[in-house]
Every structure is written in C-alpha cells, then in structure tokens.
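Results of the structural survey
Each chain, letter by letter, is given below.
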Amino acid sequence: MKTIIVVPTYNEKANIKQLIKLIHKHVPAAHILVVDDSSPDKTYEVVLELKKRDKKLNLLLRDRSVKGRGWAGRDGFVKALTMGADVVVEMDADLSHQPKFIPALVKPIVARKADVVLGSRYMTGGKDIDRPFYRQITSNFAKNYLKVVLGLKAQDPTSGFRAYSKNALVKIKVKTLTARDPFTVSEILYRCYRAKLKIKETPIVFIDRTEGESKLQITTLVKYLVRALALRLGQDPLASAK
Ligand SMILES: Nc1nc2c(ncn2[C@@H]2O[C@H](COP(=O)(O)OP(=O)(O)O)[C@@H](O)[C@H]2O)c(=O)[nH]1
Ligand SMILES: [Mg+2]
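Residues numbered from 1 in each chain as written. Chains lettered and ligands numbered in written order. Predicted model: local features only at pLDDT ≥ 70, side-chain atom pairs only at ≥ 80, totals over all residues. Heavy atoms only, no water.

The 7 strands are arranged S3-S2-S1-S4-S7-S5-S8 in an open sheet whose pairing can be described as mixed. Edge positions in the sheet fall to strand S3 (57–61) and strand S8 (199–203), since each has one partner strand and no second. With direction set aside, neighbouring strand axes in the sheet form an average angle of 20°. Of the strands in this sheet, strand S5 (116–120), strand S7 (162–165) and S8 are in contact with helix H7 (residues 184–194), which crosses S7 at around 40°. (Pairing = 2+ DSSP bridges. Helix = DSSP H or I, 4+ residues; strand = E, 2+ residues; numbered from the N terminus. Axes fitted to C-alpha atoms, helices over the stretch in contact; angles between N-to-C directions. Contact = heavy atoms within 4.5 Å.)

Time to look at the site of ligand 1. For ligand 1, the set of nearby residues contains 20 residues, the closest of which are Glu12, Asp37, Ala93, Arg209 and Ser214. In the environment of ligand 1, an oxygen atom lies 3.0 Å from a nitrogen or oxygen atom belonging to the backbone of Tyr10. Contact between ligand 1 and Lys67: an oxygen atom at 2.8 Å from a side-chain N or O atom of the residue. Alone, ligand 1 offers 570 Å² of accessible surface; in the complex the protein occludes 92% of this. At the level of elements, strand S1 (3–9) and helix H3 (69–82) are the ones that each hand at least two residues to the shell around ligand 1. Taken together, the residues of the shell around ligand 1 sort by class into 6 nonpolar, 3 polar and 11 charged. (Near = heavy atom within 4 Å. Polar contact = N/O pair within 3.5 Å; in protein donor to acceptor, adjacent residues only side chain to side chain. Areas by Shrake-Rupley, 256 points an atom, 1.4 Å probe, with all protein chains shown as cover. Nonpolar A, V, L, I, M, F, W, Y, C, P; charged D, E, K, R; others polar.)

By size, the foremost hydrophobic cluster in this structure holds 38 residues, and its most contacted members are Leu150, Tyr164, Ile172 and Cys192. The set of elements that each furnish at least two residues to this core consists of S1, strand S2 (31–36), H3, S5, helix H5 (133–150), helix H6 (166–171), H7 and helix H8 (218–233). The contacts of Leu150, once residues within four sequence positions are left out, are Tyr145, Tyr190, Ala228, Leu231 and Arg232. Judged by nonpolar contacts, the second largest core, of 31 residues, contains Ala93, Ile102, Leu105 and Ile204. (Core = buried A, V, L, I, M, F, W, Y, C linked by side-chain atoms within 4.5 Å. Buried < 20%, exposed > 50% of the residue type's maximum accessible area, 1.4 Å probe, protein only.)

The next point concerns the packing of aromatic side chains. This structure, assessed with the given rule, holds 3 aromatic pairs. Between Phe183 and Tyr224, the aromatic rings sit 5.5 Å apart at their centres with planes inclined by 50°, giving tilted as the arrangement. Taken together, the positions of Phe183 in the loop between H6 and H7 and Tyr224 in helix H8 put the pair 41 residues apart, joining distant regions of the chain. Each member of the pair, Phe183 as well as Tyr224, is classed as buried. The ring of Tyr10 carries Lys67 above its face, with NZ or CZ at 4.2 Å from the centroid. Its end group placed over the ring of Phe206, Arg121 keeps NZ or CZ at 5.4 Å from the ring centre. (Phe/Tyr/Trp six-rings, centres within 6.5 Å; stacked < 30°, edge-to-face > 60°. Lys NZ or Arg CZ within 6 Å of the ring centre and 35° of its normal.)

Attention now moves to the pairing of S1. The buried fraction of S1 amounts to 7 of the 7 residues, a majority that puts the element mostly inside the structure. Where burial is concerned, the two faces of S1 agree: the one with Thr3, Ile5, Val7 and Thr9 and the one with Ile4, Val6 and Pro8 are both buried. As defined by bridge partners, S1 adjoins strand S4 (residues 87–90) across 4 bridges and the pair is classed as parallel. Paired with Ile4 across the bridge in S4 is Val88. Across 6 bridges, the pairing between S1 and S2 is parallel. When the sheet's bridge partners are listed, Ile4 is paired in S2 with His31.

Moving on, we come to unusual backbone geometry. A positive phi is found at Ser38, a non-glycine position, where the angle reads about 50°. Mapped onto the elements, Ser38 comes out in the loop between S2 and helix H2 (43–51). Located in the positive-phi region is Leu95, a residue other than glycine, with phi close to 70°. For Leu95, a relative accessible area of 25% gives the class partly exposed.

Right, let's talk about the packing of helix H1 (residues 16–26) against H2 for a bit. A pair of packed helices can be characterised by two numbers: the angle between their axes and the separation between those axes. At a minimum axis separation of 10 Å, H1 and H2 run at an interaxial angle of 40°. Between H1 and H2, the interaxial angle falls into the category oblique. Each of Ile16, Lys17 and Ile20 in H1 lies in contact with H2, whose residues at this interface are Thr43, Val46, Val47 and Leu50. (Parallel < 35°, antiparallel > 145°, perpendicular 65-115°, else oblique.)

Our focus in this paragraph is the side chain of Glu12. Along the chain, Glu12 turns up in the loop between S1 and H1. The class of Glu12 is buried, set by a relative accessible area of 5%.

Below, the structure is given as structure tokens:
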C-alpha cells in the first residue's frame, strides 16, 4: 500500500523542513508531495534543496496566478493518483496537523474499514489548542450549519487533516472539484457523503500555528455559509458526465 502525504504550502518556509522531518519520523514508508503555489517566501526552494537527498519527497510547483488552497489540494490529489497512491493524506504545513496522528488516519483505510478518515478535534480524545476564541466559535457554528445544510454528520466536518482511499478520490471525481479556496474541505466531504463512502473519524490534537500567518479571513467564512447552501441546492456534482 503506497501512502502519499499531500501538503499544500503558501509561505511556509518557517515550517516545511520540520514538518517533512516529522512525517518521515512517524510514517517512514510514506511519500510526501508538497504542492507549492510559487510562494513569495520561496518555500519551494527549501523543498528543492531537501529533495536532493530525499527520495520520498516530491514537489508540485504551481503558478501563483492559479494560487489557492483548494486548487492546490485538487492538483495534489490528481498527481498522487498518477504516482500510484493507494492512500492519500492531506494536511496543513503549519504544524497544526501533527504527523504523529497520520498512522491513526491511515490505518482504517489499509484495513478496508473506511474510505475516508477525518482527523477530528471535536470528539473524545481530540482537542483544539490555543486557537483564538473566535475561531473556535466559528468552527463550532460551521459544524452545526454544515450538518443541517449539507447533511454532513461528522463531528469535525471542517477539519483539513484527512486520509482518503484511492477509491474515494476516484469516486468523488477529484479532477472536477471546483473550490479554489479552503471551502474545498466542505466540497470534498459533501461529495464523499453523496458517493456513500464509508467515513470514519479519529481524534487529533490541533495546535494553532506559531510560525507564519493564517490565510483565512472572517469575511471568507461568511461567504462559505452561502456557498454551502448553493452546493446543496445545485446540481449533483457526481452525476455529470465528466
Ligand atoms: N498551495 C497553496 N497552499 C495554501 C494556500 N493558502 C493556504 N495554503 C496552505 O494551506 C494550509 C492551511 O492554511 P492556513 O493559512 O494555515 O489556514 P488555517 O489553518 O485555516 O488558518 C497551510 O499549509 C497553507 O500554507 C494557497 O493559496 N496555495
Ligand atoms: Mg493553519
């Protein structure tokens, strides 16, 4: 079983080296695919340098004109499939998502007990450490909202720390994902429910970033609520011929 860890990066120079080291420590067999959108801080140069001595490290360098957390993830998934992945993990580069939890995310997929495993902050054993209060509130609101609007029953539907089986990525037609920004996590999970995939959750402890800056703004979150509604009322994303 080939596991590929997809890591979208934008200005993560301060974190990427440590993240790669920790991934190798906790999942030595896994391959890493950093998807960088030509970060102004040149995160990709750090990756290119490390790549020289690291056969399991890969870089997908995208143009800044198509920059976006969602599109970067989508292109990363497509590339991971062409690289022969059986399991794909997606995680943030800012060390909020701790590599020590990767084995717990991957295990149910390898055991064929799940197609999708969400790293959950809001279940027994999970935690959300040091997040600004407003982020905890919005996260909690988003969770209940998504449950009502999109029928996502997960305890942490906005978590971006997840593992997918190859089958799951094929079934949700990753190539046709549309969200350019972090709304992608909702779009993906909605498709997973629509495709009737087996979704599991495993607890994670989320640590707020200490280095670099978050790219998420509160106004963006409000727009997500409207987009979730549009997703629900729109055409079945999996019914198209594409
Ligand atoms: N490739 C790429 N990665 C991005 C972009 N925006 C954010 N990211 C990465 O996505 C992850 C989550 O972003 P972050 O700013 O930490 O969002 P937050 O955790 O929701 O505050 C991090 O690894 C970022 O570097 C982007 O436009 N392109
Ligand atoms: Mg973050």
